[in-house]
Amino acid sequence: MQDLTLGTVEAHAHLLSIPSDTQLLYKIISVENLLRSIVGNYLYFNRVDSYIDFPGADHHDGRQLPQDQESNSLSRFEKAPDFSAANYYDQSRARTYACCFSLENSDFIWNNYANGSERGKVCVVFEFGKLRNTLNQILQPGNAVLNYNGNQCHQIFSVNYGTVGYVNRETHQANTQYLPNPIIYTYLKDKEKFSEEKEFRISLSTIGIGQFALSDGSTMQLPLGLELAFDLKAAIADGTIQQILYSSCSDSDFLLAELHKLHIFPSNG
């Protein structure tokens, strides 16, 4: 039997809305962060409770709904009566990470993301099915390890994919019949404030109870961001990344020169 703390691949797919394999995903990123990701071979994931330091950030990302709070707080664990379902959801949220995309190449995402960069921004266009297959292979149990402060640890994060559902956050209730899986809160956002995002996200999450202890007896403290090993150059070569688009405000000469140094060349001029 697999250890419940070890990561799984798409264990909660049946609870989420997943697009077709041919769906294109649009990710706005600063030129500098794109280049860092290519050189460092990673996709960056933010912890969902850390979206607080930029205009338009969703301070409630991944948080249990207000209408659920009271009954969640009253629901207790039999063997841990001081620990409620609300505590469980809060701790799950603090152990959940997301890499966010849009289903549409819209003015909204160009105007609202990756602002403040000296070199401008780009939109990296992924094909979902190929991205999904690559990440699932990377995160397949037994294939991956977690590097924590120089220690190689068991891979504890489960990967899931889905489009975000937009609801009235103040009135919507998710626990009407039973307590929902924490993944539900990860894929719900306020309709009035965020529906224009048309967001698709990849989540990495782990169990929301207990602590993760290292061999020296210390407790793992999860960082605000994770770098998931991912070869962007290989993704360009195999079509997982379909395009890298840049705006007229971007320093295209710098971008193309840096990509050239990395042996990445534009097609068709």
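Residues numbered from 1 in each chain as written. Predicted model: local features only at pLDDT ≥ 70, side-chain atom pairs only at ≥ 80, totals over all residues. Heavy atoms only, no water.

1. Here we look at the nonpolar core
In this structure, Phe 45, Phe 126, Leu 131, Ile 202 and Met 220 are the most contacted members of the largest nonpolar core, which totals 42 residues. Discounting chain neighbours no more than four positions away, the residues touching Met 220 are Leu 146, Tyr 148, Cys 153, Ile 156, Phe 212 and Leu 214. Of all hydrophobic cores here, the second largest spans seven residues; its members include Ile 28, Ile 109, Trp 110 and Cys 123. (Core = buried A, V, L, I, M, F, W, Y, C linked by side-chain atoms within 4.5 Å. Buried < 20%, exposed > 50% of the residue type's maximum accessible area, 1.4 Å probe, protein only. Contact = heavy atoms within 4.5 Å.)

2. Looking at the packing of helix H1 (residues 31-40) against helix H9 (residues 252-261)
H9 packs onto H1 with a crossing angle of 5° between their chain directions and a minimal axis gap of 11 Å. When the axis of H1 is compared with that of H9, the two are roughly parallel. Note on element contacts: H9 touches H1 through Phe 254, Leu 255, Glu 258 and Leu 259, opposite Val 31, Leu 34, Leu 35 and Ile 38. Across the contact of H1 with H9, the residue classes tally to seven nonpolar, no polar and one charged. (Axes fitted to C-alpha atoms, helices over the stretch in contact; angles between N-to-C directions. Helix = DSSP H or I, 4+ residues; strand = E, 2+ residues; numbered from the N terminus. Parallel < 35°, antiparallel > 145°, perpendicular 65-115°, else oblique. Nonpolar A, V, L, I, M, F, W, Y, C, P; charged D, E, K, R; others polar.)

3. Let's talk about the pattern of salt bridges
Taken as a whole, this structure holds 10 salt bridges when the rule is applied. Among the salt bridges present, the one from Glu 10 reaches Arg 132, with a minimum N-O distance of 2.8 Å. Of this pair, Glu 10 sits in the segment before strand E1 (24-30) while Arg 132 sits in helix H5 (residues 128-139), and the two are 122 residues apart along the sequence. Like Arg 132, Glu 10 is buried. A salt bridge links Arg 201 to Glu 199, with the nearest nitrogen and oxygen atoms 2.7 Å apart. The exposure classification of Arg 201 matches that of Glu 199, with both residues buried. In this structure, a network of salt bridges that share partners links the residues Asp 61, Lys 189, Glu 197, Glu 199 and Arg 201. (Salt bridge = Lys/Arg side-chain N within 4 Å of Asp/Glu carboxyl O.)

4. Some details on the environment of Ser 50
With respect to the helices and strands, Ser 50 occurs in the loop between strand E2 (42-47) and helix H2 (66-74). Exposure remark for Ser 50: the relative accessible area of 14% places this residue in the buried category. As for Ser 50 and Pro 223, which are separated by 173 residues in sequence, their C-alpha atoms are 9.9 Å apart. A polar contact is formed between the side chain of Ser 50 and the backbone oxygen of Arg 47, at a distance of 2.6 Å. (Polar contact = N/O pair within 3.5 Å; in protein donor to acceptor, adjacent residues only side chain to side chain.)

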